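# Descriptive analysis of the structure
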Amino acid sequence: MASVLRFRKLCYVESAVKCTSVGYESFEIDEKLDEKEEDVLSANNFALEINKKRKQPKRQPKEWRCLDSCCWIIGYLCTTWWLLLFCYHCLPVTLLRVPELPGPGVRLKREGLTALHPVVLVPGIVTGGLELWEGRPCADGLFRKRLWGGGSFTQIFKRPLCLLEHLSLHYETGLDPQGIRVRAVPGLVGADYFAPGYFVWAVLIENLAKIGYEGKNLHMAAYDWRLSFQNTEIRDHALTRLKSKIELMYISNGYKKVVAVPHSMGVIYFLHFLKWVETPPPMGGGGGPGWCAKHIKAVMNIGPAFLGVPKAVSNLFSAEGKDVSYIRAMAPGVFDSEILGLQTFERVMRMARTWDSIVSLLPKGGEVIWGNMDRSPEEGHVCDFSKKSHSKTSLTTNNVNNSDVKRGFLVKDLANYGRIISFGKPASVLHSSKLPTADSKEFSRTSTSENFNNFSCGEAWTEYDEMSRQSIQNVAADKAYTTTTLLDLLRFVAPKMMRRAEAHFSHGIAENLDDPKYNHYKYWSNPLETKLSDAPDMEIYCMYGVGIQTERSYVYKLSPNSRCKSIPYQIDNSVHGEDGSCLKGGVYFADGDESVPVLSAGFMCAKGWRGRTRFNPSGIATYIREYRHKPPTSLMEGRGIESGSHVDIMGNFALIEDIMRVAAGATGDEIGGDQIHSDIIKMSERINLGL
């Protein structure tokens, strides 16, 4: 106001124009001063507000709960489910199922190849369909519906506990539980697709059909892959039916010998059959010593698990493998949530430990084959998978090319593959002299009064419940286990399972094959404890993929979960090696087809049966056919026409062509003899096995 009065007085003295100009100037100056005062006040107010906020206690971050993990994992599962559903319905069928690229069947038909020898397909573990014939009330409406394979997996979400109950076998007998009957799906549809869009035998079947194969000369030897091999005969007469079918196909197709094509565990199942069929009854089929020579032209083994797979060890020991341990690390506590009461791993373990077939896949041959604490046949093996080469090299008959293996699998730090299970990274790398010994004498169960948890909760019973906390800790204690002490370990942690299963399977090496004890069926699926048939004109092929990371040994730790009836051990996913190391996520990798190491798939054809040996007295010809893995280059290839993966290799065009040529009458030499990309010959030379 004072400024305004001064302005009015000056207007009487000065001229109008000058007054006006001066007035406006002074007014503007005063206005600017007022604005500066307001700015100072606002700045002061802002500072006061900041001080108030600083004095207020900081808000604590929200604690991550198990429920949050559950919500995230459910979200991931739902998103994945809808994405797969979209792909299945919207993408061309060729991208998911059988690739529509011209297969070998079309080309070979143009060359004039036609069906000659009948073909019998023998599926492996898990890939064959199972259907319900009798069940509990929770399975109402599922009569003769698939509980496993062929698109039945919606039942897992609808009634998971009911499904697990019906897929489990009796824990004492290894046969049907009371009131439950689940049987193998018969025919080619039993194992052509494992799930909608996921082929197993479908590509091979379609290509065989191009040159004239059909129901009269092509058969799927379906069997219940959960059972021990002899129990498939005791319960279902599966071996008798296979014998009769081969005899019928042999006669009805002009007395042409059969070409058998087993896959994975089906390889040792068919090996059991070859011994069973010539053994006198009641234990055998009574075909006589010349049956195989008369009826079998060739056995073309795909992804053969002749000497077992380390993956079976982790499945029985902790109900997990490489992929499961990764999921468990991404969402800890979800599957074992006490709030949800899932007990996922415990329930899966309980079911898997009723399947005797898994025990058939435990490593065979002990330390002689798989190595000891400080030595293994894969010494010097290349582990730099990030730099492995997929370039092709030309191979001639009986050509062994190891140069590309050395380029693709060079080691930076040597892995002690002989230690199948190690507790802690130091136990997997230190010299054996610096480690406590795992003596089989200490494997004795203490009193159950100090159980892992001495109160009852949950429903998923495992044999770990009967172990004391001290016994569980003693198993670990920075120790490592080879294939020899590993069997003692499994007998300790799962005595009931091992007593039942070891009545049907053996995992050693025979010193004297003429010993009458080897006439028992428990030895027939172990190629190191039985002789091949007297069939010098028969051929045996070992056909498998190479160039893929394959589980070979594991680094374990005690599980942090102390809930009752939980599994006390798990793969230590936090353990890694240096760059280029074989150790990733608690798993040591070797060369193989992702499931079966090269050592197991190729040794018998490379050395054990090569020429006349005590395991192959008639000198049956053996051939190694390896297929270097090459991932698909485009969606049009589906899962890959050059894949070497354990199941995807069933769509490998080169493998399919080999099978078709032999079925059409070719011999092993005529299709190129040995085709070797891996280091299997050097591995075999390092194995000191008397032949």
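Residues numbered from 1 in each chain as written. Predicted model: local features only at pLDDT ≥ 70, side-chain atom pairs only at ≥ 80, totals over all residues. Heavy atoms only, no water.

### As for the confidence of the model for the chain
Keep this limit in mind: Think of pLDDT as the predictor's per-residue confidence, scored from 0 to 100. Throughout, a contact is declared for two residues whenever any of their heavy atoms are within 4.5 Å.
Scored by pLDDT, the chain comes out at a mean of 82, with 73% of its residues at no less than 70. Within the model, pLDDT remains below 50 along residues 385–412, and this stretch shows 78 contacts once partners closer than five positions in the same chain are excluded. Taken as a whole, residues 446–456 scores under 50 in pLDDT and shows 28 contacts with residues more than four places along the chain or in a different chain.

### What about the nonpolar core?
Note that soluble globular proteins tend to have their nonpolar side chains buried in a common cluster. Filter applied, for reference: Here, nonpolar core means buried Ala, Val, Leu, Ile, Met, Phe, Trp, Tyr and Cys residues that are tied together by side-chain atoms lying within 4.5 Å of each other. Think of it in three bands: residues with accessible area under 20% of the maximum for their type are buried, residues over 50% are exposed, and the middle band is partly exposed, with areas taken using a 1.4 Å probe on protein chains only. Each helix is a run of DSSP H or I of at least 4 residues and each strand a run of E of at least 2, with the numbering of both proceeding from the N terminus. Segmentation into domains, and thus their bounds, comes from an automatic or database assignment.
Residues W201, F273, F317 and I421 are the most contacted members of the largest nonpolar core, which totals 162 residues. Ranked by residues supplied to this core, first place goes to helix α11 (residues 265–278) with 10 residues. For this core, the domains that each give at least three residues are domain 1 (110–129 + 185–361 + 504–686) and domain 2 (130–184). If near-sequence neighbours (up to four positions away) are discounted, W201 is found in contact with L121, V122, P123, A191, D192, M220, V261, P262, H263 and M650. C383, V575, C582 and Y588 belong to the second largest nonpolar core, which has 9 residues in total.

### A short note on the pattern of salt bridges
Which entries qualify depends on this criterion: Salt-bridge detection follows one rule: a side-chain nitrogen of Lys or Arg within 4 Å of a carboxyl oxygen of Asp or Glu.
Considering all chains together, one arrives at 27 salt bridges under this definition. For the salt bridge of R107 with E657, the shortest nitrogen-to-oxygen distance reads 2.6 Å. Of this pair, R107 sits in helix α5 (residues 104–110) while E657 sits in helix α24 (residues 653–663), and the two are 550 residues apart along the sequence. By relative accessible area, which is 36% here, R107 ends up partly exposed. Classification of E657 as buried rests on a relative accessible area of 17%.

### Description of the packing of aromatic side chains
This is how it is decided: Centre distance within 6.5 Å is the pairing criterion for rings of Phe, Tyr and Trp, where only the six-membered ring of Trp is used; planes under 30 degrees apart are then read as stacked, over 60 as edge-to-face, and the remainder as tilted. Consider the ring centre and the ring normal. A charge sits over the ring if Lys NZ or Arg CZ is within 6 Å of that centre and within 35 degrees of that normal.
For the structure on display, the rule yields 24 aromatic pairs. Summarising the aromatic geometry, the rings of Y223 and Y269 are spaced 3.9 Å apart at their centres and angled 5 degrees between planes, so their arrangement reads as stacked. With Y223 in the loop between β7 (218–220) and α9 (229–236) and Y269 in helix α11, the pair connects residues that are 46 residues apart, well separated along the chain. A relative accessible area of 4% places Y223 in the buried class. Ring centres 5.7 Å apart and planes at 70 degrees place the aromatic pair Y464 and Y569 in the edge-to-face group. Remark: Y569 occurs in strand β15 (residues 569–571) and Y464 occurs in the loop between α19 (425–429) and α20 (469–476); sequence separation between them is 105 residues. Residue placement shows R500 over the ring face of Y171; its charged tip is 5.3 Å from the ring centre. A cation sits over an aromatic face here: R639 above F199, 3.9 Å from the ring centre.

### Structural notes on the environment of E594
We count it as follows: Polar contact criterion, stated in full: a pair of N or O atoms within 3.5 Å, where within protein one must be able to donate a hydrogen and the other to accept it, and residues adjacent in sequence count only if both atoms are side-chain atoms.
With respect to the element layout, E594 can be found in the loop between β17 (587–592) and α23 (598–608). For E594, a relative accessible area of 32% puts it in the partly exposed group. Along the sequence, E594 and Q549 sit 45 residues apart, while their C-alpha atoms lie 5.6 Å from each other. Apart from the residues within four sequence positions on either side, E594 is in contact with K311, K322, I548, Q549, T550, E551 and S645. Among the polar contacts made by the side chain of E594, one reaches the side chain of S645 at a distance of 2.8 Å.

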